[in-house]
Amino acid sequence: MSPASTGASTTVGAVTTTPSFPSSSSSDSRMAPGGPGYRRMSFALFLAGVATFALLYSTQALLPLISGEFGVAASEASWTVAAATGGLALFVLPMSALSERYGRRAVMTVSLAVAVGVGLLVPFAPSLGTLVVLRGVQGAALAGLPASATAYLAEEVRPKALITAIGLFVAGNSVGGMSGRVITGWVAQEWGWRVAVGVIGAVAVACAVAFRLLLPAPRHFTPGSLRPRVLVRTVRDHLANPLLCRLYAIGALFMTVFGGVYTVIGYRLTEEPFSLPQGIVGSIFLVYLVGTVSASTAGRLVGRLGRRGALYLAGGTTATGLLLSLADSLALVLLGLVLITSGFFAGHAVASSAVSKTATTGRAQASALYQSAYYIGSSAGSTVGALAFHAGGWAGTVGVGVLAVLGVVTITVFGTRAARLQSRRGPVAAH
């Protein structure tokens, strides 16, 4: 989830301009903490984040059961996760374009409705192939949420409250990811994985209805026309920006770690030496609460260490967790998961917020590109992590994660050096 850009342009594929708002906070009609509509807006988008991640990863904790029913290996069952995140990655940019034309709230509402509808069909999938197709469609539908939500916040919330508002949306992602996995774990233990994903579908229905009823109508959105040539030019300009490309890569690499770990952890914990029941394995995802805290406090972390310092800390925390998880002690594995989760959510929140600081025009597209890279990382992590587990056990999955963290550190070091060189040449925009 997450939770990417903190800004938005007023047109997509057309003339991407930043909305002009009053500079005086007293005359700024956008929402702020304690002001009219802010709590409703925050809770609505929190619920949208819950529904998005609960649906997107609804099969992740159930992979051992899916493997058992269809008689497939972890690497094949993992496609039920990779298809959903891959569908989201492919469609997030087109969906962000539609949100610029038809409105953030409209696109988010339709996206949730379609994703929920598909979610109610998933329990009846007769084969693994059908299940993977349904999950891909579901992921494509959910693509309308991430970029649209952060663009909505950028337009409707005052700048000083923006990081906090986005942190709450990211927190909703972590709560959705956690509750979805915990609920499915215990339900599946008693009634099987099909009933479990059906329950998640019903929860998502409730979240979608509440979201639509609570979210205030946009007051600062200006619709634009869909002009593919200008959209392509905007995307090309973003991809030509070295800093944005580094941020996209960092988001993808962090999510490679996270996707690989949480796709495979169920297999590790149900096998020797742990042999935990499905309900307990599902409850392991309660460590997502740590992610809720680390995401919501990312702003303060950046304030103390700077963005690059925060990224170093997030990468180091994630790597330490990966190494601890190699132990055959359940306590150390759990501690490792806590550190991995904390480091991931902090790194993701820092990188995604930096995207909006860097992109001065076409911010919705910059956000969508980050989301695309982020979920490509999730798909890659799910697939490669499962293949590595099949080939070398949990150590193989950890090896993939460590390589991804090294990639994050290398990119951040390169960015630090580039910033120092630039500062010697002359003042530039802060990033």
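Residues numbered from 1 in each chain as written. Predicted model: local features only at pLDDT ≥ 70, side-chain atom pairs only at ≥ 80, totals over all residues. Heavy atoms only, no water.

Here we look at empty space enclosed by the protein
Note the following rule: A 1.4 Å probe that fits into a set of points on a 1 Å grid over the protein atoms alone but cannot get out defines a cavity; an open set with protein on both sides within 12 Å along at least five of seven lines defines a pocket, and lining residues are those with an atom within 4 Å of a point. Grid points are joined across faces, edges and corners, and a volume is the space filled by probe spheres set on the points. The helix count covers DSSP runs of H or I at least four residues long, the strand count covers runs of E at least two residues long, and both are numbered beginning at the N terminus. Residues are grouped as follows: nonpolar covers Ala, Val, Leu, Ile, Met, Phe, Trp, Tyr, Cys and Pro; charged covers Asp, Glu, Lys and Arg; every other residue, Gly included, is treated as polar.
This model, assessed by the stated rule, comprises three cavities of 30 Å³ or more. In this structure, the largest cavity spans a volume of roughly 140 Å³. Along the walls of the largest cavity sit 14 residues, with L243, L247, I250, R308 and L311 positioned nearest its centre. Mapped onto the lining of the largest cavity, the elements with two or more residues apiece are α11 (242-270), α14 (298-324), α15 (330-358) and α16 (363-425). Residue contributions to the lining of the largest cavity peak at four residues, all from α11. Tallied by class, the residues present in the lining of the largest cavity amount to eight nonpolar, three polar and three charged.

Concerning a nonpolar patch on the surface
We count it as follows: Surface patches are defined over residues having more than 30% relative accessible area and no salt bridge, joining like charges when they lie within 9 Å and nonpolar side chains (Val, Leu, Ile, Met, Phe, Trp, Tyr) when within 5 Å. Accessible areas in this description were obtained via Shrake-Rupley with a 1.4 Å probe; residue shielding takes into account the shown protein chains only. Salt bridges are counted wherever a side-chain nitrogen of Lys or Arg sits within 4 Å of a carboxyl oxygen of Asp or Glu. Relative accessibility decides the category of a residue: with a 1.4 Å probe and only protein chains considered, values under 20% of the type maximum give buried, values over 50% give exposed, and everything between is partly exposed.
On the surface, L120, V205, V209 and L213 cluster together into a nonpolar patch covering about 350 Å² of accessible area. Per-element tally for the nonpolar patch: the top contributor is helix α9 (residues 193-214), with three residues. Within the secondary structure layout, V209 lies in helix α9. On the basis of relative accessibility, which here comes to 47%, the residue V209 falls in the partly exposed class.

Some details on the packing of helix α1 (residues 38-56) against α9
Any two packed helices are characterised by how steeply their axes cross, that is the angle between the axes, and by the distance between the axes. The following threshold applies: Fitted lines through C-alpha atoms give the axes, limited to the stretch in contact for helices. The angle between two N-to-C directions lies from 0 to 180 degrees. Angular relationships are summarised with four words: roughly parallel below 35 degrees, roughly antiparallel beyond 145, roughly perpendicular across 65 to 115, and oblique for the angles in between. Two helices cross in a left-handed way if the nearer one is turned anticlockwise from the farther one by less than a right angle. They cross in a right-handed way if the turn is clockwise. The contact rule is simple, with two residues in contact once any of their heavy atoms fall within 4.5 Å.
Running from N to C, α1 and α9 point in directions that differ by 155 degrees, and their axes come no closer than 8 Å. It follows that α1 is roughly antiparallel to α9 by the angle criterion. For the pair α1 and α9, the crossing hand works out as left-handed. Of the residues in α9, those touching α1 at R40, F43, A44, L45, L47, A48, V50, A51, A54 and L55 are I200, G201, A204, C207, A210, F211, L213 and L214. The residue inventory of the contact of α1 with α9, partitioned by class, reads 16 nonpolar, one polar and one charged.

As for the environment of A202
Its location among the elements puts A202 in helix α9. Its relative accessible area of 45% is what places A202 among the partly exposed residues. Separated by 82 residues in the primary sequence, A202 and L120 have C-alpha atoms spaced 7.5 Å apart.

Side note on the pattern of salt bridges
The final tally for this structure, using the stated rule, is two salt bridges. The partner of R104 in a salt bridge is E155, with the nearest N and O atoms 2.5 Å apart. Placement of R104 in helix α5 (residues 104-121) and of E155 in helix α7 (residues 146-156) is noted, with a sequence separation of 51 residues between them. Both residues of the pair, R104 and E155, count as buried.

Observations regarding the packing of aromatic side chains
Cut-off, in case you're wondering: Stacked, tilted and edge-to-face are the three classes assigned to paired rings of Phe, Tyr and Trp, where Trp is represented by its six-membered ring and a pair needs centres within 6.5 Å; plane angles under 30 degrees give stacked, over 60 edge-to-face, the rest tilted. Note on geometry: a ring has a charge over it if NZ (lysine) or CZ (arginine) is within 6 Å of the ring centre and within 35 degrees of the ring normal.
A complete count under the given rule lists ten aromatic pairs for this structure. Taken together, a centroid distance of 4.7 Å and an interplanar angle of 55 degrees make the contact between F258 and Y262 tilted. Here Y262 and F258 lie together in helix α11, a separation of four residues that amounts to about one turn. F258 sits in the buried class, given a relative accessible area of 3%. Judged by relative accessible area, which is 1%, Y262 ranks as buried. Every member of this aromatic cluster is reached through a ring pair, and the members are F258, Y262, F344, F345, Y370, Y374 and Y375. The ring centre of Y102 lies 5.4 Å from the NZ or CZ of R101, which sits over that ring.

Details of α7
Along α7, eleven of the eleven residues are buried, which leaves the element largely enclosed by surrounding structure. Here α7 has its buried residues at P146, A147, S148, A149, T150, A151, Y152, L153, A154, E155 and E156.

Points about helix α10 (residues 228-239)
Operational definition: Expected span of a helix, by definition, is 1.5 Å for each gap between consecutive residues, and there is one gap fewer than residues. By arc we mean the arc of the directions from the helix axis to the C-beta atoms, nothing more.
The end-to-end C-alpha distance of α10, which contains twelve residues, comes to 16 Å, matching closely the 16 Å that a straight helix rising 1.5 Å per residue would cover. By the burial criterion, the buried members of α10 are V230, L231, T234, V235 and H238. For α10, the arc enclosing every buried residue in end-on projection is 140 degrees, short of the 170-degree limit, so these residues lie on one face. Along α10, the residues that are exposed and aim more than 90 degrees away from the buried face are R229, V232 and R236. Contacts made by the buried residues of α10 are with α4 (79-102), α11 and α16.

Section: the side chain of S325
Examined against the element boundaries, S325 turns out to sit in the loop between α14 and α15. A relative accessible area of 0% means that S325 is categorised as buried. The residues contacting S325, other than those within four sequence positions of it, are R268, L332, V333, G336, W394 and V398.

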